[in-house]
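Below, each chain spelled out in residue letters.
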Amino acid sequence: MRAAVQHETGQDKLEVLDDIETVGFGPGKVRIRIRATGLCHSDLSAMNGVLPQPAPFVPGHEGAGEILDVGDGVTGLAQGDRVLMCWLPACGSCPSCRRGQTHLCLAGFMNAGTPNFRRSGGDVFGFAGTGTFAEEVVVAANCAVPIPDDVPYEIAALIGCGVTTGLGAALNTARVEAASSVAVIGCGGVGISVIQGAKACGAAQIVAVDPVPARREAALRFGATEAVAPEEFADAKARITAGEGFDYVFEVVGKSATARTAYEMTRRGGTLCVVGAGAMDDTFQVNMFELFFDEKRILPSLYGGADVLRSYERAIALWRAGRIDLEGLITHRVQLAEINDALDQMRSGTALRTCIEI
């Protein structure tokens, strides 16, 4: 079958090969035919080494498709079911799961060290234990979440990561209050989803901050009340908050420099919500006096900060009700053979989300 492979960490191009095989099918597993997958910035971060991932590997973790086969012992799933991919499934029995923090379950991360594919040259891993830039994948059954018939594959794929991450940061982690002021730094697909989440919560002012003009224009379409370049952010803070700072600032870039800016733009007693996935050697610093004196809450948000299955259902409900726009997030569509075009679109900032149709 075909899959897009990164041979070594640091390469900026993928090679589409047709001699890839899935491995690992058996009890407790399902085989999925991928129909659509989104390109998430985390895929680029894995390619360039910011996020740890064994190589060679197949990127992609934001996918949807149909079940081709189910292994022994799998219940609740059958051949032909339409599903989205959950790259961080909950085991249900670890301490995090027992506390109700299923999004912090580490079982899914353990899958990243087990090969999902092979070719004549040896094992090939799947990013985050999945690898959706492929025609087929084999994953644990709890990675496959059934979707209603009215949800298109490309919409389901986005819900599998970017939409859930962004909406959840606003609704679950920060719990944005009505009539509040919000700023969002980084307005790609996840940042736009944060904006939509803040709008759904009833925020009065939502300022989008991004260096790319096209993304700023898009942010206004999705609910931002104002969109500014980074160098205009301080002026926006002065005008909108009388210099006090925003009630909520979301950092959706994954860099310490933008996290520090976000901290400074947050009012005393306000909330900084860190959504971007950054590097292990990039350190965010605050001094002990300001930490104590300003009483700003610093809240990291992983995968939407709550039970992902419930978050999927909520995203679908909001989409059906017309409260959020998911179709509009897909600005580009490509075939698997054109995957490197999709990478260029994300790097340049011209794409919010590119859908790879497989």
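Structure's up top.
Residues numbered from 1 in each chain as written. Predicted model: local features only at pLDDT ≥ 70, side-chain atom pairs only at ≥ 80, totals over all residues. Heavy atoms only, no water.

## A short note on helix 9 (residues 256-265)
Consideration 1: Taken together, the buried positions of helix 9 are Ala259, Ala262, Tyr263 and Met265. Around the axis of helix 9, the buried residues are gathered within 165° of arc, so they sit on the same side.
Consideration 2: The inward-facing, buried residues of helix 9 contact strand 12 (181-185), helix 8 (233-241), strand 15 (246-251), strand 16 (266-274), helix 10 (288-294) and strand 17 (297-300). (Buried < 20%, exposed > 50% of the residue type's maximum accessible area, 1.4 Å probe, protein only. Helix = DSSP H or I, 4+ residues; strand = E, 2+ residues; numbered from the N terminus. Arc of directions from axis to C-beta. Contact = heavy atoms within 4.5 Å.)

## Quick look at the packing of helix 1 (residues 41-48) against helix 12 (residues 339-348)
Consideration 1: For the pair helix 1 and helix 12, the least separation of the axes is 11 Å and the interaxial angle reads 100°. By the angle class used here, helix 1 and helix 12 are roughly perpendicular. Taken together, the residues of helix 12 that come into contact with helix 1 (itself represented by His41, Leu44 and Met47) are Leu343, Met346 and Arg347.
Consideration 2: Looking at the contact of helix 1 with helix 12 residue by residue, the classes come out as four nonpolar, one polar and one charged. (Axes fitted to C-alpha atoms, helices over the stretch in contact; angles between N-to-C directions. Parallel < 35°, antiparallel > 145°, perpendicular 65-115°, else oblique. Nonpolar A, V, L, I, M, F, W, Y, C, P; charged D, E, K, R; others polar.)

## Considering the packing of aromatic side chains
Consideration 1: In this structure the tally under the stated criterion is five aromatic pairs.
Consideration 2: Ring geometry for Trp87 against Tyr303: centres 4.7 Å apart, planes inclined by 25°, an arrangement best described as stacked. Taken together, the positions of Trp87 in the loop between strand 7 (82-85) and helix 2 (95-98) and Tyr303 in the loop between strand 17 and helix 11 (308-320) put the pair 216 residues apart, joining distant regions of the chain. Across this residue pair, the class does not change: Trp87 and Tyr303 are buried.
Consideration 3: Here Arg268 stacks its cationic end above the ring of Phe293, 4.2 Å away from the centre of that ring.
Consideration 4: Looking at Lys296, its charged tip hangs above the ring of Tyr263, at a distance of 4.4 Å from the centre. (Phe/Tyr/Trp six-rings, centres within 6.5 Å; stacked < 30°, edge-to-face > 60°. Lys NZ or Arg CZ within 6 Å of the ring centre and 35° of its normal.)

## Looking at the nonpolar core
Consideration 1: Residues Ile32, Phe133, Ile159, Val182, Ile195 and Phe250 are the most contacted members of the largest nonpolar core, which totals 98 residues.
Consideration 2: For this core, the two domains that each supply at least three residues are domain 1 (3-161 + 306-357) and domain 2 (164-300).
Consideration 3: Here Val182 is in contact with Val176, Ala198, Ala203, Gln205, Ile206, Val207, Phe246, Tyr248 and Phe250, once residues within four sequence places are set aside.
Consideration 4: Judged by nonpolar contacts, the second largest core, of 13 residues, contains Ile185, Val228, Ala236 and Ala262. (Core = buried A, V, L, I, M, F, W, Y, C linked by side-chain atoms within 4.5 Å. Domains from an automatic or database assignment.)

## A short note on the pairing of strand 13 (residues 205-209)
Consideration 1: With four of five residues buried, strand 13 lies mostly within the body of the structure.
Consideration 2: Bridge analysis of strand 12 against strand 13 gives five bridges, and the strand direction is parallel. If you follow Ala183 over to strand 13, its bridge partner there is Val207.
Consideration 3: Once you follow strand 12 into helix 6 (residues 189-201) and on to strand 13, the crossover reads as right-handed.
Consideration 4: Across three bridges, strand 13 lies against strand 14 (residues 226-228) in parallel orientation. What sits directly across from Val209, in strand 14, is Val228. (Pairing = 2+ DSSP bridges. Right-handed = clockwise from strand over helix to strand, strands pointing away.)

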